[in-house]
Amino acid sequence: MSNSSDWWYDEAAGPMVRPYAMVSGRTRPKPAGEDLTLTTQVRSLRTTTDQGTLAVEHLEIIKLCRKPLSVAEVAAYLHAPLVVVKVLLSDLIQRGDVITSGPATTVAPVDMNLLQKVLDGVRAI
């Protein structure tokens, strides 16, 4: 017979933690993170921070975002639902540990001839 702690462990996945436990039951980001979208870029401002007040997931985000990543990429690396990542990011934004910016945009005009050639090439495959 298994003990009660076996319920929290899956042979294939490892330890299981419900997403709401990662964010203390919060389901919405703090006001600092309300405008986060899938393509919002996130970058760490600090490499070291007060680890006593942050969850493991917060520290992992700070480590991951040493180079700019989108919110979607952060969620993928953490294997966490998007809403959970938005809540965690809002905590870090409010603390000043990370900054955000809109997605990178290109300044050069779109060459419609090039796009048509690419489309023709794809169709020929």
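How each quantity is defined
- Residues numbered from 1 in each chain as written.
- Predicted model: local features only at pLDDT ≥ 70, side-chain atom pairs only at ≥ 80, totals over all residues.
- Heavy atoms only, no water.
- Core = buried A, V, L, I, M, F, W, Y, C linked by side-chain atoms within 4.5 Å.
- Buried < 20%, exposed > 50% of the residue type's maximum accessible area, 1.4 Å probe, protein only.
- Helix = DSSP H or I, 4+ residues; strand = E, 2+ residues; numbered from the N terminus.
- Contact = heavy atoms within 4.5 Å.
- Arc of directions from axis to C-beta.
- Salt bridge = Lys/Arg side-chain N within 4 Å of Asp/Glu carboxyl O.
- Pairing = 2+ DSSP bridges.

**Q** Explain the nonpolar core to me, and be specific about the residues and the numbers.
**A** Among the nonpolar cores identified, the biggest contains 20 residues, and Ile61, Val74, Leu78, Val85 and Leu89 are the most heavily contacted of them. No other element matches the six residues that helix H4 (residues 82–95) contributes to this core. Discounting residues that sit within four places of it in the chain, Leu78 has contacts with Glu60, Ile61, Leu64 and Val85.

**Q** Hey, could you go over helix H3 (residues 71–78) for me, with residue numbers and the actual values?
**A** Within H3 the residues assigned to the buried category are Val71, Val74, Ala75 and Leu78. End-on view of H3: buried residues confined to an arc of 100°, all on one side of the axis. Buried residues along H3 sit against strand E3 (41–44), helix H2 (56–64), strand E4 (69–70) and H4. Of the residues one or two after H3, His79 is the one with positive phi, at around 55°.

**Q** Outline the pattern of salt bridges, listing residues and values.
**A** Overall, the coordinates contain one salt bridge when judged by the stated rule. Notably, a salt bridge pairs Asp97 with Arg95, separated by 2.6 Å at the nearest N-O pair.

**Q** With reference to specific residues and values, describe the pairing of E3.
**A** The alternating pattern of E3 places Val42 and Ser44 on a buried face and Gln41 and Arg43 on a face that is not buried. Pairing analysis gives two bridges linking E3 to E4, with the strands arranged antiparallel. By the bridge assignment for E4, Val42 is matched with Leu69. As paired strands, E3 and strand E5 (residues 98–101) are joined by four bridges and run antiparallel to one another. The partner of Arg43 across the bridge, within E5, is Ile99.

**Q** So what's going on with the side chain of Ser70? Which residues, and what values?
**A** Tracing the backbone through its elements, the reader meets Ser70 in strand E4. Beyond its immediate sequence surroundings of up to four residues, Ser70 is in contact with Leu38, Thr39, Thr40 and Gln41.

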